[in-house]
Each structure stands twice: as structure tokens, then as C-alpha cells.
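Geometric and topological summary
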Amino acid sequence: MDDVAAWLRWLNQAHGINLSPFYDAYDGWRFVGGLLTTVWLSAIAIVASIALGIFGAWLQGSPRTGVRRGVAAYVQFFRNTPPLVQLYFFYFAVGGVLPRLTDAHGAQVPPIGSFAWAAITLSLFAGAINVEIFRAGLEAVPRTMVEAAKALGLSRFGVFHHVILPLALRISLPSLTNNLVNLVKTTTLAYAIGVPELLYASAQIWSEEFNVRETMTIMLIAYIGLVGLVVWGMGRWERAWRIPGFAP
Amino acid sequence: MAHPRLRAVRGGTLGSSSPSLISPVKLGALLLLAAPALYARAEAGPATLSIAGALVQWAPLIFRGFLLNLLVSVLAMAIGTALGIGLGLLASSLLPPVRAAAWLVTQFFRNAPWLVLLFYCMFLLPFELHVFGWTLPLPDWSKATIGLALPVMANVAEIVRGAVQSIDYGQWEAAKALSLTRMQTWRLVILPQCIKRMLPPWMSLYAVLTMATPLISVVGVQDAMAMVRAALTSDGRPELLIPMYVMLLGWFFLYCYPIARWTQALERRYAVLA
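Residues numbered from 1 in each chain as written. Chains lettered and ligands numbered in written order. Predicted model: local features only at pLDDT ≥ 70, side-chain atom pairs only at ≥ 80, totals over all residues. Heavy atoms only, no water.

**Observations concerning the overall build of chain B**
Put simply, the test is: A run of H or I in DSSP becomes a helix once it reaches four residues, and a run of E becomes a strand once it reaches two; helices and strands are each numbered from the N terminus. A simple rule labels every residue: compare its accessible area, found with a 1.4 Å probe on the protein chains alone, to the largest value its type can have, and call it buried under 20%, exposed over 50%, or partly exposed in between. In what follows, a contact means two residues having at least one pair of non-hydrogen atoms within 4.5 Å.
The number of helices and strands found in chain B is 10 helices and 2 strands. Sequence-ordered secondary structure for chain B, helices as α and strands as β, is α-α-α-α-α-β-β-α-α-α-α-α. Buried residues in chain B amount to 52% of all 274 residues. The contacts of chain B with a sequence gap of at least 6 include a subset with a gap of at least 24, amounting to 78%.

Structure, rendered in C-alpha cells:
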């Protein structure tokens, strides 16, 4: 390890290629901290947006017109406005109106911090798209399957639970993968409200070390690695759930 | 078929029917008017404008920023489309190394976060270019346009590649049987059939790009988002926060929602019935 660090220091001195996150412990931990924040933010938003998506798609099957319209308004609002403006709107406008809390040291603090607002906004944004994805999946289940299940004497709930939902989820998986990849990429927006995620940590490093090119490249490779991880994980999920002979 | 990610980004393309939508005009008007109207009653000192008055006062400045957002979106789309078509055709090349290189470039720019690519271009492009003795200044907004054009390029390349792949192989063979050259086959047989399939995802991409343009405010370009922040800072009135942001959200909504509806209509029209 020390040899590698020594070689990287030499690389910096001799050629001006400063890969400081790999030899400087302080920069290295800052980078890892940023990476972990990004992973944590992505993980929360992925789980919450999938839950929102399933819940919204379920609500869209409601017999009440008002409920369906409400879900449609939510989906259209979040799909047709810029994610960054949504984030600013929640963080500065909504967060600014909320009453302040007094913390243990007597300081006035906002009840919802920047990380929480980023997680909320990203979940709502990706959740709106997931509603559409799951709704499309539910609609794409062949009618004949439903009829066959009914003919076998399954109850209404049984048909949904044993036939429609398992097929709809499998049909939705490829689109879901794309949206989740997009979500991981969108976590960079949290930089704008000062969440110490990967882009923020990298910006701190390059503004102190003046190694913009090197740090940016390491960061970009890290992001592409993260996206690759999501694609790989979802691919495994798809393969694990594959039904032989059923191609959605 | 068109590339799934783009279809997924805008959603609603897998199923056949459109979701039950509330009237766009109603929602847009609500976004635009409701919040200021609600807040207009809030007491304002004799010297300060009412909330609605403040919005009207700032609107022209913010709208000028909004026009910059639209200009950047149109330019980035034009550059990205031109480069992306080239890249997409290279990805359909007969030579494996060319295909592999085009694939690598596409995947790289498609999977990198837009904001990161924007940072790359802002920091690493020079502030002026020297071409044949001419000095071409590169203002910030033009660098930002290039930064946004790169992911657009990769996404257009995927749309083109997907459309070309979706054309039945029999078409190529039939063209060969008619003794068309490969160039003629592209021009007369393949591309005309692709355009129909590429149009809806291409329009979705444009809407996604337009909604990404506020990112340029993060790297210091004076767009609508930056104008809103500047206006809020200069007034320093917390009660303006929500109306001002809602106004900007409303403008983007009124611009992007019709594009989304139009895309859906085109998709239904071009849908191939299995």
C-alpha cells in the first residue's frame, strides 16, 4: 500500500497527475464518505420510489374518479417539471416555510435537513415515473391469463395476488431498471442543496488540490461503476424471476 | 423498438391506453395562479408590493432567463441530434471495431450523470478557441450547451440504433436483391422507415433535456432558475419563496406537458399492432 502511495506521489511530482484520493488519507476518506452518502441516498430513494410506484399504480385502479385524478396530477406534475426546480422548491420554499425547531444546543434548526429533502424529492420524482411503469405492467398482463385464472376458480384477490401481480412485476422490470439508473444519476442534484454526496465531496477535493481533471475522472468512473452495479443487480433479479417460456 | 430507457423516462408507453389525465390547462393554471392568489392576501407593508405585484415585477427578468433555457435546449438538441445520428449509424456499422468503439462512447455518455458532464465541460473547455488565427470566444452558456449536448448525443445514438435494429432483416435482403448499394439501402429503405419509430422517443428526449436545462444554473449560467434565486435574494421576503418557485415550475410544466401529450398521441398513431 505504501509503495502504491509513494508511486502516486511521485506521479504527482514528476508528471503533475494528482490522484490525491488514492494516496492522501484525508481526501480518500472524503471521497469514500461522498460515495457512501450517494449509495445511501440512492438506496433510500430506490426503495421509497418503488413503494410509491406500486401504491400509486394500485390507487389508479380505484373506482373513485377523484383518487385517480389525484394520482394522475401527481404523476404529471413530477414528470413534466425540472427535477432541480422541484428540489429547490422543496428545500428552499417548503423547507423555508416550515417552523424551526430548537435543538439541544438551543440553535434554530430546520425540521427536515438537506439530505432528507433530497431523499424525499428524488423518491417523489422517481416514484411518479414508477407509477406509470407499474400501471403499464398491470395493463400488459394478457387478458387470457386472467380469464384462465378465473376459470380455475380463483377469487378476485387470488387472481391479483397469484396471477396479475407476479406477471406485471416481471413485465415492468426492464423499464424499472432504466428508471432506477436514471435515479442514481439524478442523485447528483443533491449537490445543489449542499448534501455531501459524491459530486460535492469531489468538488471539495478538486477546489483544494487543484486537480479538477483527475478527481472528476475518478468521480465519473465511480458513478459509472454505481450505474453498472444497478444494471447488474436488476439483471440478476430479472434472470432469477424468469419464467421459462414466458417472454414479456 | 425505441430505446426503453427513454420510453421509460417519460413512462406511459408500455400500455396502450393513456392514463386518466386532468385537463392540462386546469393544472397549469392552478400552478400558475393558485399560490400567488393565496398569498396575495398576506399583509404587505405600505412600501412593499403585494405578492402578485412582486411576481409581475420580476416576471420579465425571469422570463428572459427562461428564454435562455429554451435556447440552450434547442441548441443542445440540434448538436446532440447531429452527433447522435452519426454515432448511431457507426453503431450499426459492418466493421466490428467501429461498432465496438461507437458502443463504448454511447454507453459512457449515457450512463454518466448529466450534472457531472456539465461540470466536465465547464471546467475543461477553454474560454476561447483559436481556429485558423480566429479567436472564438466560448461564453459559459455555450460550454453548458455542449455539456448538455453530450448525453443527448448518446441517447439519440441509442434511439437510432434501436430503430435500425427494429427494421426487419428482410428489408436489407430485398434491397440487396434489387441491387441497391449499402448507401442506397440506408437512404431509400432503412432510414425512411426509422424516422417514424424515432420521432416519439426523440421528442421525449427533448422534454427531458428541457427539464435538465436548469442544471446550468448550478454551474453559474444566468438562466431562469438563477434569476429566481437572485430575485428572491434581492427582495428577501420569505413569503415570496413558494409563489416564485411555483411560477417557474408552472412555466416548465406549460412547455413540457403539451410535448408529452403530443408524444403519446404520435406513439398511439405509430403503434404497431401485434
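The rest of the description comes next.
**Regarding the overall build of chain A**
What counts is decided by this rule: A radius of gyration in this sense is built from C-alpha atoms; the matching globule rule multiplies 2.2 Å by the number of residues raised to 0.38. Working definition of accessibility: Shrake-Rupley area with a 1.4 Å probe, residue cover restricted to the visible protein chains. For the charge count, each Lys or Arg is scored as positive and each Asp or Glu as negative, with His and the chain ends excluded. To locate a charge, the coordinates of NZ of Lys, CZ of Arg, CG of Asp or CD of Glu are taken.
The helix and strand inventory of chain A stands at 10 helices and 2 strands. Listing the helices and strands of chain A from first to last along the sequence gives α-α-α-α-α-β-β-α-α-α-α-α. The globule rule puts the C-alpha radius of gyration for 248 residues at 18 Å, and the 23 Å found for chain A is more than 25% above it. Its C-alpha atoms put chain A at 75 × 50 × 35 Å along the principal axes. Relative to its full complement of 248 residues, chain A shows a buried share of 50%. Across chain A, contacts joining residues at least 24 apart in sequence account for 71% of those joining residues at least 6 apart. When the accessible surface of chain A is summed, it comes to about 12000 Å², and 66% of that surface belongs to carbon and sulfur atoms. Here chain A holds 17 positive side-chain charges and 13 negative ones, and the gap between their average locations is 21 Å.

**Regarding the packing of aromatic side chains**
So the rule is basically this: Stacked, edge-to-face and tilted labels apply to pairs of Phe, Tyr and Trp rings (six-membered ring for Trp) whose centres lie within 6.5 Å, assigned for plane angles under 30 degrees, over 60, and everything in between, in that order.
Under the defined criterion, the tally for this structure stands at 23 aromatic pairs over all chains. Centre to centre, the rings of Tyr74(A) and Phe78(A) are 5.3 Å apart; their planes meet at 65°, and the pair counts as edge-to-face. Of the two residues, Tyr74(A) and Phe78(A) both sit in helix α4 (residues 65-79), 4 residues apart, roughly one turn of that helix. Each ring, one from Phe66(B) and one from Phe252(B), has its centre 5.0 Å from the other, and the planes form 85°; the classification is edge-to-face.

**Concerning the pairing of strand β1 (residues 128-131) of chain B**
Residues and elements named next belong to chain B. Cut-off, in case you're wondering: Two strands make a pair as long as DSSP finds a minimum of two bridges between them.
Relative to strand β2 (residues 134-137), β1 runs antiparallel, the two sharing 4 bridges. Counterpart to Val 131 in the pairing with β2 is Trp 134. Hairpin remark: β1 followed by β2, antiparallel, with 2 residues in the connecting loop; positive phi at Phe 132, about 50°.

**Examining a nonpolar patch on the surface**
Residue and element names in this part refer to chain B. Under the convention used in this document: Patch construction takes residues with relative accessible area above 30% that form no salt bridge. Like charges are linked within 9 Å, and nonpolar side chains (Val, Leu, Ile, Met, Phe, Trp, Tyr) are linked within 5 Å. Any carboxyl oxygen of Asp or Glu within 4 Å of a side-chain nitrogen of Lys or Arg constitutes a salt bridge here.
Together, Leu 71, Leu 75, Ile 79, Leu 83 and Trp 141 give the surface a local cluster of nonpolar side chains, amounting to about 400 Å² of exposed area. With 4 residues, the top contributor of residues to the nonpolar patch is helix α3 (residues 51-91). One can find Leu 75 in helix α3. Residue class for Leu 75 comes out partly exposed when judged on its relative accessible area of 32%.

**Considerations on helix α5 (residues 114-124) of chain B**
Across the 11 residues of α5(B), 9 count as buried, placing the element largely inside the fold. Every buried residue of α5(B) is accounted for by Trp114(B), Leu115(B), Val116(B), Leu117(B), Leu118(B), Phe119(B), Tyr120(B), Cys121(B) and Met122(B). Buried residues along α5(B) sit in contact with α8 (156-186), α9 (198-209) and α10 (212-240) of chain A together with α4 (96-111), α6 (140-166) and α8 (182-212) of chain B.

**What to know about the interface of chain A and chain B**
Basically, it comes down to this: Buried area counts how much accessible surface, traced with a 1.4 Å probe, disappears from two parts once they are put together, with both parts' losses summed. Residue classes follow a fixed rule: Ala, Val, Leu, Ile, Met, Phe, Trp, Tyr, Cys and Pro count as nonpolar, while Asp, Glu, Lys and Arg count as charged, and any other residue, Gly among them, counts as polar.
Opposite the 46 residues of chain A that make contact, chain B presents 47 residues. Of the roughly 4500 Å² buried between chain A and chain B on both sides combined, carbon and sulfur atoms contribute 73%. In terms of surface lost to chain B, no three residues of chain A exceed Asn80(A), Lys185(A) and Leu220(A), which account for 14% of the buried area on that side. The element best represented in the side of chain A that touches chain B is helix α5 (residues 83-97) of chain A, accounting for 10 residues. Looking at side-chain class alone, the side of chain A that touches chain B contains 28 nonpolar, 10 polar and 8 charged residues.

**Description of the environment of Leu169(A)**
Residues and elements named next belong to chain A. Residue placement: Leu 169 occurs in helix α8. Between the C-alpha atom of Leu 169 and that of Ile 133, which follows or precedes it by 36 residues, the distance is 9.5 Å. With residues up to four places along the chain from it excluded, the contact list for Leu 169 reads Phe 134 and Trp 241.

**Description of the pattern of salt bridges**
Residue and element names in this part refer to chain A. Counted according to the given criterion, the structure contains 7 salt bridges over all chains. Residue Glu 132 pairs with Arg 79 through a salt bridge whose shortest N-O separation is 2.8 Å. Taken together, the positions of Glu 132 in helix α6 (residues 114-139) and Arg 79 in helix α4 put the pair 53 residues apart, joining distant regions of the chain. Using a relative accessible area of 1% as the deciding quantity, one classes Glu 132 as buried. Looking at Arg 79, the relative accessible area reads 5%, which means it is buried. Within this structure, Arg 79, Glu 132, Arg 135 and Glu 139 form a network of salt bridges that share partners.

**Thoughts on the confidence of the model for chain B**
Residues and elements named next belong to chain B. Note the threshold: You can read pLDDT as the predictor saying how much it trusts each residue, on a scale of 0 to 100.
Taken residue by residue, chain B gives an average pLDDT of 83. The fraction at 70 or more is 82%. Within the model, pLDDT remains below 50 along residues 1-21, and this stretch shows 66 contacts once partners closer than five positions in the same chain are excluded. Long-range and interchain partners of residues 40-46, a stretch whose pLDDT sits below 50, account for 5 contacts in this model, where long-range means more than four residues apart. Overall fold confidence (pTM) sits at 0.84, and the ipTM for the predicted complex is 0.87.

**Describing α9(A)**
Short version of the rule: To estimate the expected span of a helix, subtract one from its residue number and multiply by 1.5 Å.
The end-to-end C-alpha distance of α9(A) is 16 Å, a good match for the 16 Å that 12 residues give at a rise of 1.5 Å each. Among the structural elements, α2 (20-23), α3 (25-59) and α10 of chain A together with α5 of chain B are those in contact with the buried residues of α9(A). One or two positions beyond α9(A), positive phi appears at Phe210(A), with a value near 55°.

**Quick notes on the environment of Ala72(A)**
Residues and elements named next belong to chain A. Looking at the secondary structure, you find Ala 72 in helix α4. By relative accessible area, Ala 72 is classed as buried at 3%. C-alpha separation for the pair Ala 72 and Val 39, spaced 33 residues apart in sequence, amounts to 30 Å.

**Structural notes on the packing of α3(A) against α4(A)**
If you want to describe how two helices pack, look at the angle between their axes and the distance between the axes. Residues and elements named next belong to chain A. Our working definition: Every axis in this analysis is a line fitted to C-alpha atoms, fitted for helices over the stretch in contact. Angles between the N-to-C directions lie between 0 and 180 degrees. Orientation labels follow simple angle bins: below 35 degrees gives roughly parallel, above 145 gives roughly antiparallel, 65 to 115 gives roughly perpendicular, and whatever is left gives oblique.
Here α3 crosses α4 at 140°, and the two axes come no closer than 9 Å. Taken together, α3 and α4 sit at an angle that is classed as oblique. When α3 is examined against α4, the residues Leu 52, Gly 56 and Leu 59 are found in contact with a partner set consisting of Val 67, Arg 68, Val 71 and Tyr 74. Residues belonging to the contact of α3 with α4 are distributed by class as follows: 5 nonpolar, 1 polar and 1 charged.

**Let's talk about the packing of α10(A) against α5(B)**
Rules: By the definition used in this description, the sense in which the near helix is turned from the far one sets the handedness, with an anticlockwise turn below a right angle giving left-handed and a clockwise turn giving right-handed.
Close contact between α10(A) and α5(B) brings their axes to 11 Å; oriented N to C, the two are set at 165°. Accordingly, the angle class assigned to the pair α10(A) and α5(B) is roughly antiparallel. Read as a crossing pair, α10(A) and α5(B) show a hand that is left-handed. For the pair α10(A) and α5(B), contact is made by Val212(A), Arg213(A), Met216(A), Thr217(A), Met219(A), Leu220(A) and Tyr223(A) and by Val116(B), Phe119(B), Tyr120(B), Phe123(B) and Leu124(B), respectively.

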